[in-house]
Amino acid sequence: MIQITIIFSVQKNPKTSSKGLSMALRNNDVNHAQTRFLLALWALGGDSIRKGELMPFATRGSERSGDFQPIIEKLDAAGAITISDNEFSLTASGLTLLNQHLLDQEFEYDSNVGARTVNALLGWIRKQGKSDLSKINDQGEAVAPIDSYEEFKRLASKTFDQLNRDYNLDNFVPIYRIRRQIGDRVTRSQFNEWMLEMQNNDIFEFLEGSVEDSSFDKIEDSITTSFGKLRCYAKRLNN
């Protein structure tokens, strides 16, 4: 049985800096704020949640919606969330990240916590039960690893189409985004093998070029062919 310990203590509301960013978010509290944001998104349904509905749930004390912008950008870049028309959705990678943060012994609430947050945590615990939380879907439920090429092909194609549509990528989707969206349902080596098989079957064409910010981890999450060529983007060849 999974156990999550919630530690409650009372502190004064964090002061706000001259730049408008709360001191809590400036002083080594990024993971805490990420956890609150992801938990709020999950508790509200996890799919197409408007910012105006989400932020009152995620913020605390004197924090403001704008304080979370760097955190939102970081979660988006990591593939933990998707954003479309100012609506937020939680990905499988985001659910895995939320689980990791909630099980972290260092995570605790340092101010009064309302019933809404406590009920969200209770909902999370009840949803997971005895499940293996390393494998969870977009509804926060346990799912089995992908164990066949055909299943992977369907999911990779669906993921490509979703990313292409949500981010207006003009059929030029970064491979690292596909990898992160699929998450831990396949190993890194199996992802590479099946993606290359999809290219061999003329479903995808992999293209050169670097990721948008030349980030090492995004390049690492791209694909290197058997000839040692780095490929960072996928293009759909058939529908």
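Residues numbered from 1 in each chain as written. Predicted model: local features only at pLDDT ≥ 70, side-chain atom pairs only at ≥ 80, totals over all residues. Heavy atoms only, no water.

Focus on the overall build of the protein chain
So, point 1. Across its full length, the protein chain holds ten helices and eight strands.
So, point 2. Counting every position in the protein chain, which comprises 239 residues, the buried fraction comes to 45%.
So, point 3. Considering only contacts in the protein chain between residues 6 or more positions apart, those separated by 24 or more positions represent 67%.
So, point 4. Split by element, the accessible area of the protein chain, about 12600 Å² in all, is 46% carbon and sulfur. (Helix = DSSP H or I, 4+ residues; strand = E, 2+ residues; numbered from the N terminus. Buried < 20%, exposed > 50% of the residue type's maximum accessible area, 1.4 Å probe, protein only. Contact = heavy atoms within 4.5 Å. Areas by Shrake-Rupley, 256 points an atom, 1.4 Å probe, with all protein chains shown as cover.)

Some remarks on the sheet that holds strand 8 (residues 233-236)
So, point 1. Across the sheet, three strands lie side by side as 4-8-5; this open sheet has antiparallel pairing. With one partner strand each, in any of the chains shown, strand 4 (173-174) and strand 5 (204-207) form the two edges of the open sheet.
So, point 2. Note: strand 5 against strand 8, four bridges, orientation antiparallel. Of the residues in strand 8, the one forming a bridge with F206 is A234.
So, point 3. Here helix 7 (residues 149-166) sits on the sheet and contacts strand 4, strand 5 and strand 8; the angle it forms with strand 8, its principal contact strand, is near 100 degrees. (Pairing = 2+ DSSP bridges. Axes fitted to C-alpha atoms, helices over the stretch in contact; angles between N-to-C directions.)

Some words on the confidence of the model for the protein chain
So, point 1. Residues at a pLDDT of 70 or more form 72% of the protein chain, whose mean pLDDT is 78.
So, point 2. Low confidence marks residues 130-134, where pLDDT is under 50. Its contacts with residues over four positions away, or in another chain, come to ten contacts. (pLDDT = per-residue confidence, 0-100.)

Section: the side chain of R180
So, point 1. Within the secondary structure, R180 sits in helix 8 (residues 175-182).
So, point 2. What makes R180 buried here is its relative accessible area of 11%.
So, point 3. Not counting residues up to four positions away in its chain, the partners in contact with R180 are A77, A78, G79, S93, D217, K218 and D221.

A few points about the environment of F204
So, point 1. Topologically, F204 is positioned in strand 5.
So, point 2. Between the C-alpha atom of F204 and that of Y233, which follows or precedes it by 29 residues, the distance is 9.6 Å.
So, point 3. The contacts of F204, once residues within four sequence positions are left out, are A156, S157, F160, M195, M198, Q199, A234, K235, R236 and L237.

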